[in-house]
Amino acid sequence: MSDILIIASGGGHTGFARAIAEYLPYKVDFIIPKGDEMSKKMISQFADKIYEVEKFRSPSGNLSLSSFLLSMIHSAKIRKYKKVIATGSNHSIFPSFFQFVKSSNIYVIESQDRIVTKGKAVNIISKYSKHIFLHWKEQEKLYKNGIVVGPIVERPKYTPSDEGYILVTTGSEGFERLFDILYSLDIDNVVLQTGKVNKKYEKKDWKVFSFDPDIERYIAKAKLVITHQGKTAMEAVVMYKKPTIIVYNKDWKYAATFEDSKLYAEILGAVFLNDPSNWSTKDEILKYIENPKQPKVYTPGTERLVSVVLNDI
């Protein structure tokens with residue numbers, strides 16, 4: 001029976017969960033958002049047991065009262081674990097809090113793109129956490145009990161190469177405004193992961209799909225990655241040293257601020273662009289596509305995070 005529980009709260013948060021699981025010496029138990037098949041696919045091979053708990057708020061801010069109450073009820077019923085790692089988002093709050101009430105040691109990961117502001121959910125969880133794991137030294141000022149371990153990413157599964165295509169991927173929610181502009185431009189050889197955007201982008205030399213649990217293989221072979229202010233940018237830079245363009249998505253009301261996202265891009269050495277609705281011309285992105293910028297070089301910090309948790313008494 002595992003003594004470690006990881007709360008994989010969907011999207012990039014589940015990416016953190018899988019990264020940690022890859023470095024652990026044994027399988028552990030997980031909590032995922034109810035009905036989140038993407039998260040289930042991502043962590044199933046590392047899981048001994050998987051619980052499902054309702055996610056009561058979406059990244060755009062929509063709140064469900066019934067899911068709020070069910071999240072509390074189902075979180076309270078989960079047995080006690082010795083150590084619990086919360087990966088962030090509102091979904092992590094109730095499961096981690098009820099584990100804290102049961103005297104578990106709680107750890108939480110701040111988002112990679114929170115540089116000057118704290119994530120609301122992580123700030124709440126930090127009040128009863130033993131440690132907050134941070135990716136960058138620039139985040140040290142956010143928490144007194146923060147530990148900078150380095151960028152929390154998975155073990156690279158592929159050898160980097162350049163097969164000449166542009167990868168466009170913006171998380172499980174997708175980014176329709178960005179997709180529409182790129183589709184209207186004269187850009188060939190694009191691999192596009194649309195997420196939940198239910199729209200056809202049929203074009204010669206474009207490969208389009210909604211989701212691939214192994215998006216990493218596309219990152220590894222891309223010549224350039226275009227994404228939003230999420231975890232994929234860090235993976236592209238840290239794991240595969242790919243030139244990266246971060247396009248700010250203003251719809252993520254509960255995600256990082258514009259200032260946070262701009263500083264995040266600077267830390268990575270990535271190009272940063274405002275939300276497409278603020279572009280003066282739709283082909284503003286073309287000059288960065290045609291002249292890719294080489295990113296900075298970092299050593300992954302996931303192994304250190306795992307060492308802290310395993311050796312913590």
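Preceding this paragraph is the structure being described.
Visitor: Before we move on, could you go through the overall build of the protein chain and cite the residues and values that matter?
Guide: For the protein chain, the count of helices and strands is 11 helices and 13 strands. Whereas a compact globule of 313 residues would reach a radius of gyration of roughly 20 Å, the protein chain reaches 19 Å, a difference of no more than 12%. Along the first, second and third principal axes, the C-alpha set of the protein chain runs to 55 × 40 × 35 Å. Looking at the protein chain residue by residue over its 313 residues, the buried ones come to 56%. Summarising the internal contacts of the protein chain: among those between residues at least 6 apart in sequence, 61% fall at separations of at least 24. Surface accessibility of the protein chain: about 13,600 Å² in total, with carbon and sulfur atoms responsible for 51%. Taking the 45 positively charged and 36 negatively charged side chains of the protein chain as two groups, their mean positions are separated by 5 Å.

Visitor: Break down the sheet that holds strand β13 (residues 271-273) for me, citing the residues and quoting the values.
Guide: Consider a sheet: its strands pair through backbone hydrogen bonds, and that pairing is either parallel or antiparallel. Strand order across the open sheet formed by 6 strands is β10-β9-β8-β11-β12-β13, with parallel pairing between neighbours. Strand pairing shows two members of the sheet lacking a second neighbour, β10 (206-209) and β13, which therefore form its edges. Sheet twist, expressed as the average angle between the axes of neighbouring strands with direction ignored, equals 15 degrees. Note that strand β8 (residues 166-169) and strand β9 (residues 190-193) share 4 bridges and pair parallel. Looking at the pairing, V168 lines up with L192 of β9. Along the sheet, helix α9 (residues 258-268) contacts β12 (244-247) and β13; its crossing angle with β13, the most-contacted strand, is approximately 160 degrees.

Visitor: Explain a nonpolar patch on the surface residue by residue, including any values.
Guide: Residues L65, L69, L70, M72 and I73 make up a contiguous nonpolar surface patch of roughly 440 Å² in combined accessible area. What makes L69 partly exposed here is its relative accessible area of 45%.

Visitor: So, unusual backbone geometry: which residues are in play, and what are the values?
Guide: Phi angles above zero are rare outside glycine, and S103 is one such case at about 75 degrees. Here S103 falls in the exposed class, since its relative accessible area comes to 56%. Backbone geometry places D205, a non-glycine residue, at a positive phi of 70 degrees. Along the polypeptide, D205 turns up in the loop between β9 and β10.

Visitor: Run through the side chain of E110, naming residues and quoting values.
Guide: Mapping E110 onto the fold places it in the loop between β5 (105-109) and α5 (120-126). Within the structure, the side chain of E110 is placed 2.5 Å from the side chain of Y143, a separation counted as a polar contact. Among all residues touching E110, those that are not within four sequence positions of it are K118, G119, V122, I132, F133, L134, H135, Q139 and Y143.

Visitor: For the pairing of β5, give the residues involved together with the corresponding values.
Guide: For β5, the tally of buried residues reaches 4 of 5 residues, placing the bulk of the element in the interior. Bridging between strand β4 (residues 83-86) and β5 involves 4 bridges; their strand directions are parallel. Across the sheet, the residue bridging to I85 is Y107, located in β5. With respect to chirality, the unit in which β4 leads through helix α4 (residues 93-101) into the neighbouring parallel β5 is right-handed. In terms of strand pairing, β5 meets strand β6 (residues 131-134) through 3 bridges, oriented parallel.

Visitor: Can you tell me about the sheet that holds β4, naming the residues and giving the values?
Guide: Strand order across the open sheet formed by 7 strands is β3-β2-β1-β4-β5-β6-β7, with parallel pairing between neighbours. Two strands lie at the open edges of the sheet, namely β3 (47-53) and β7 (146-148), each paired on one side alone. Across the sheet, the mean angle separating the axes of adjacent strands is 25 degrees when strand polarity is ignored. Pairing of strand β1 (residues 4-7) with strand β2 (residues 28-33), which is carried by 3 bridges, proceeds in the parallel orientation. Residue pairing across strands places I6 opposite F30, the latter belonging to β2.

The rules we used
- Residues numbered from 1 in each chain as written.
- Predicted model: local features only at pLDDT ≥ 70, side-chain atom pairs only at ≥ 80, totals over all residues.
- Heavy atoms only, no water.
- Helix = DSSP H or I, 4+ residues; strand = E, 2+ residues; numbered from the N terminus.
- Rg over C-alpha atoms; globule rule 2.2 N^0.38 Å.
- Buried < 20%, exposed > 50% of the residue type's maximum accessible area, 1.4 Å probe, protein only.
- Contact = heavy atoms within 4.5 Å.
- Areas by Shrake-Rupley, 256 points an atom, 1.4 Å probe, with all protein chains shown as cover.
- Lys, Arg positive; Asp, Glu negative; His and termini not counted.
- Charge placed at Lys NZ, Arg CZ, Asp CG, Glu CD.
- Pairing = 2+ DSSP bridges.
- Axes fitted to C-alpha atoms, helices over the stretch in contact; angles between N-to-C directions.
- Patch = residues over 30% accessible without salt bridge, like charges linked within 9 Å, V, L, I, M, F, W, Y side chains within 5 Å.
- Salt bridge = Lys/Arg side-chain N within 4 Å of Asp/Glu carboxyl O.
- Polar contact = N/O pair within 3.5 Å; in protein donor to acceptor, adjacent residues only side chain to side chain.
- Right-handed = clockwise from strand over helix to strand, strands pointing away.

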